[in-house]
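Report on the structure
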Amino acid sequence: MAKLVTIYGGSGFVGRYIARRMAKAGWRVRIAVRRPNEALFVKPYGVVGQVEPILCNIRDDASVRAAMQGADAVVNCVGILVESGKNRFDAVQAEGPARVARLAAESGVNRMVHISAIGADMDADSEYAATKGEGEAGVLKHMPDAVILRPSIVFGPEDDFFNRFAGMTRMSPVLPVVGGDTRFQPVYVDDVARAAEMGVTGAAAGGVYELGGPETDSFRGLMQRMLDVVHRRRLILNMPMWIARIMAFGFDMLQAVTFGLISNGMLTRDQVKNLAKDNVVAQGAKGFEELGIRPVAMASVLPDYLWRFRPSGQYDAIKASAQNLRKN
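**A look at helix 1 (residues 13–24)**
Because an α-helix completes one turn every 3.6 residues, residues spaced three or four positions apart along the sequence face the same direction. Given a rise of 1.5 Å per residue, twelve residues ought to cover 16 Å, and the 18 Å separating the end C-alpha atoms of helix 1 matches this to within 8%. With nine of twelve residues buried, helix 1 lies mostly within the body of the structure. Just past helix 1, the residue Gly26 takes up positive phi, approximately 95°.

This is the structure we're talking about:
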């Protein structure tokens, strides 16, 4: 019988790419998510019955244990950028990974892959980064041979980074950014999935791997790359940190006074703290080179999904060509 992998958060941005790769490799894939009815799109990744979404809440021992029953490996992709309701940073990113690792060890699961983030540090000022660090420590406590992947900003067709800012160019002549000089090392989502696949199959040795793409650029530089791809001219406005903190405080308070009815999807105080620090692979850290993976460059992927934000969408190149013909 084919081996089974349970992917917690397997319908998310990174998780779905891991699920697709594992199904293609012949594994049975169990997608553990809070809303399985919204994850039915993963089923066609494999043959009938090969990929199945099931109900699971990473905050609950019983559901986490049930989701990994009979599994040969587990992957944890669950993470949040903004706290909402019971989904707090400590519950999801610190206690959640530790719970998966503890129950995996108790159940005799052979391998675990955990998706963390560059900057994970238990002593960080940011709750996001601190709980990511706590989650890693919890995983290694129970599964010392686990593979922990720390990607920089992940890009790809479904990302919430380039897509988000490209969408803003449709409505405003100004593109505001926080931490314009902060450096990032964007990594293609399928490269992260490939590293995770190696961890699941045992092709990668246990340990922490920091994953960054072949190019490092500032936040402002990344926005200019995006503008070049979508064929738009916009003023990139680097917002001072003190102004960003005031705005983030206001957005956070709005979420608090509405008891979460209005979620802060704009900018949080914790995000401002993260945007003040570079998000690149640390010197001497293990990464793609140790995995034998050559990461994909942004230029070879961004045009494939950002074309829809161009002034004329898919017809933008044809329109430009026609204008050149008129001039001649």
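After that view of the structure, there is still more to cover.
**Digging into the side chain of Thr268**
For Thr268, the position within the fold is in the loop between helix 8 (241–257) and helix 9 (269–275). Its relative accessible area of 6% is what places Thr268 among the buried residues. At 3.0 Å, the side chain of Thr268 and the backbone nitrogen of Gln271 are in polar contact. Apart from the residues lying within four places of it in its own chain, the contact partners of Thr268 are Val82, Ala248 and Asp252.

**Observations regarding the nonpolar core**
Counting 70 residues, the largest nonpolar core has Ile18, Phe162, Met223, Met226 and Leu306 as its most contacted members. Discounting residues that sit within four places of it in the chain, Met226 has contacts with Phe162, Phe165, Ala166, Thr169, Leu175 and Leu306. Tyr8, Ala32, Val100 and Ala104 belong to the second largest nonpolar core, which has 26 residues in total.

**What about the pattern of salt bridges?**
Evaluation of the coordinates by the stated rule reveals 13 salt bridges. One salt bridge in this structure joins Asp61 and Arg102, with 3.0 Å as the shortest N-O distance. A residue pair is termed long-range when its members are at least 10 positions apart, and Asp61 in helix 2 (residues 61–67) and Arg102 in helix 3 (residues 89–107) qualify at 41 residues. Judged by its relative accessible area of 25%, Asp61 falls in the partly exposed class. Since its relative accessible area comes to 25%, Arg102 is described here as partly exposed. The partner of Arg102 in a salt bridge is Glu106, and the shortest N-O contact between them spans 4.0 Å. Remark: Glu106 and Arg102 occur in helix 3; sequence separation between them is four residues, near one turn of the helix.

Thresholds applied
Residues numbered from 1 in each chain as written. Predicted model: local features only at pLDDT ≥ 70, side-chain atom pairs only at ≥ 80, totals over all residues. Heavy atoms only, no water. Helix = DSSP H or I, 4+ residues; strand = E, 2+ residues; numbered from the N terminus. Expected span 1.5 Å × (residues − 1). Buried < 20%, exposed > 50% of the residue type's maximum accessible area, 1.4 Å probe, protein only. Polar contact = N/O pair within 3.5 Å; in protein donor to acceptor, adjacent residues only side chain to side chain. Contact = heavy atoms within 4.5 Å. Core = buried A, V, L, I, M, F, W, Y, C linked by side-chain atoms within 4.5 Å. Salt bridge = Lys/Arg side-chain N within 4 Å of Asp/Glu carboxyl O.

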